[in-house]
Every structure is written in C-alpha cells, then in structure tokens.
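# Breakdown of the fold
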Amino acid sequence: MPEEDLVELKFRLYDGSDIGPFRYSPASTVAMLKERIVAEWPKDKKIAPKAANDVKLINAGKILENNKTVAQCKTPFGELPNGVITMHAVVQPSLAKAKTEKKVDEIPKKNICSCTIL
C-alpha cells in the first residue's frame, strides 16, 4: 500500500494528553484501533481501560462502531491534506461489569430514625 494512502490518527485522552500519532490503513477497523489504544495507554493514568470494549472512540461528534473501517469514519470535509486526524478516546467500562461491581459495593443500609422531644 502506498505511503500516501495511510491515514494518520492520534487519540486524545480525558486529560488532554495524546496517544500517537500512528498511521493506519483505510481498511483498518475501529476495533483494531481500540486494541492499539489499550496497548499504548499510559500506565500512570488513574482511569485506564481493561479491554478494548471499555474504550469509546469519538470522531466529529459521533461514537464509532467497532465494525466500521477508518475510511468509513473519516469526515470528508474540513481535513487538511496529509493532516493528523484527532479522535477522542473515552473510557467507559462495560455495563455488565459495572452492575456486578456496584452490587458488591452496596451494603444494605439500616434505616435509623431518631426523634427528640424537648
């Protein structure tokens, strides 16, 4: 594949820092991008994804689906030729894990009512 066909992407994290830029084939899927993000995620961050499904990628205000390719996700307007495309990477743990963790943390609370008569 010719060098000029590759798409250069970087991923903006919640604190404003970036991962990348990296060059990808337009045929690469969003799922492949997420795997790379998890592998390259800085170890010193408090919030970190445990798996690729914990990462949501946002480009041009849209959450990208795992089965879409980079070519399908590119915004056709407003890009500079040979420019780097910035996508936002948001960590959002999967719902199934979040629900089980929540149940463990919740301890039944006793309702205590106290009245004072003066």
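In this text the structure is predicted, and so the values were computed from the model without any measurement.

The subject of this paragraph is the packing of aromatic side chains. By convention here, two paired aromatic rings are described through the distance between centres and the angle between planes. All chains considered together, the criterion is met by two aromatic pairs. Here the aromatic rings of Phe11 and Tyr24 are separated by 6.4 Å at their centres, their planes lie at 70°, and the arrangement is edge-to-face. Of the two residues, Phe11 sits in strand S1 (residues 7-12) while Tyr24 sits in strand S2 (residues 18-24), which places them 13 residues apart along the sequence. Residue Phe11 shares its accessibility class with Tyr24, and that shared class is buried. With a centroid separation of 6.4 Å and 75° between ring planes, the pair formed by Phe22 and Tyr24 is classed as edge-to-face. Under the relative-accessibility criterion, Tyr24 is labelled buried at 9%. Ring pairs connect the aromatic residues Phe11, Phe22 and Tyr24, which therefore count as one cluster. The side chain of Arg36 reaches across the aromatic face of Phe22, ending 3.7 Å from its centre.

Once that is clear, we can look at the confidence of the model for the protein. For the protein, mean pLDDT is 78; residues scoring 70 or higher make up 74% of the total. Summarising per-element confidence for the protein, the mean pLDDT is lowest in helix H3 (residues 95-105) (52) and highest in helix H1 (residues 30-40) (90).

In spatial order, the strands read S2-S1-S5-S3-S4; together these five strands make up an open sheet with mixed pairing. Here the strands that pair on one side only, and so sit at the sheet edges, are S2 and strand S4 (62-63). Bridge count for S1 against strand S5 (residues 85-91) is four bridges, and the pairing is parallel. Looking across to S5, one finds that Arg12 is bridged to His88. On the sheet, H1 packs against S1, S2, strand S3 (55-59) and S5 and is oriented at approximately 120° with respect to S3.

This part is about H1. Val30, Leu33, Lys34 and Ile37 are the residues of H1 that are buried. Looking straight down H1, one finds that the buried residues subtend no more than 100° of arc, so they occupy a single side. Looking at the buried side of H1, the elements it contacts are S1, S2, S3, helix H2 (70-73) and S5.

Here we take up the side chain of Asp54. With respect to the helices and strands, Asp54 occurs in the loop between H1 and S3. A distance of 3.1 Å separates the side chain of Asp54 from the backbone nitrogen of Lys50, its partner in a polar contact.

Procedures and definitions
Residues numbered from 1 in each chain as written. Predicted model: local features only at pLDDT ≥ 70, side-chain atom pairs only at ≥ 80, totals over all residues. Heavy atoms only, no water. Phe/Tyr/Trp six-rings, centres within 6.5 Å; stacked < 30°, edge-to-face > 60°. Helix = DSSP H or I, 4+ residues; strand = E, 2+ residues; numbered from the N terminus. Buried < 20%, exposed > 50% of the residue type's maximum accessible area, 1.4 Å probe, protein only. Lys NZ or Arg CZ within 6 Å of the ring centre and 35° of its normal. pLDDT = per-residue confidence, 0-100. Pairing = 2+ DSSP bridges. Contact = heavy atoms within 4.5 Å. Axes fitted to C-alpha atoms, helices over the stretch in contact; angles between N-to-C directions. Arc of directions from axis to C-beta. Polar contact = N/O pair within 3.5 Å; in protein donor to acceptor, adjacent residues only side chain to side chain.

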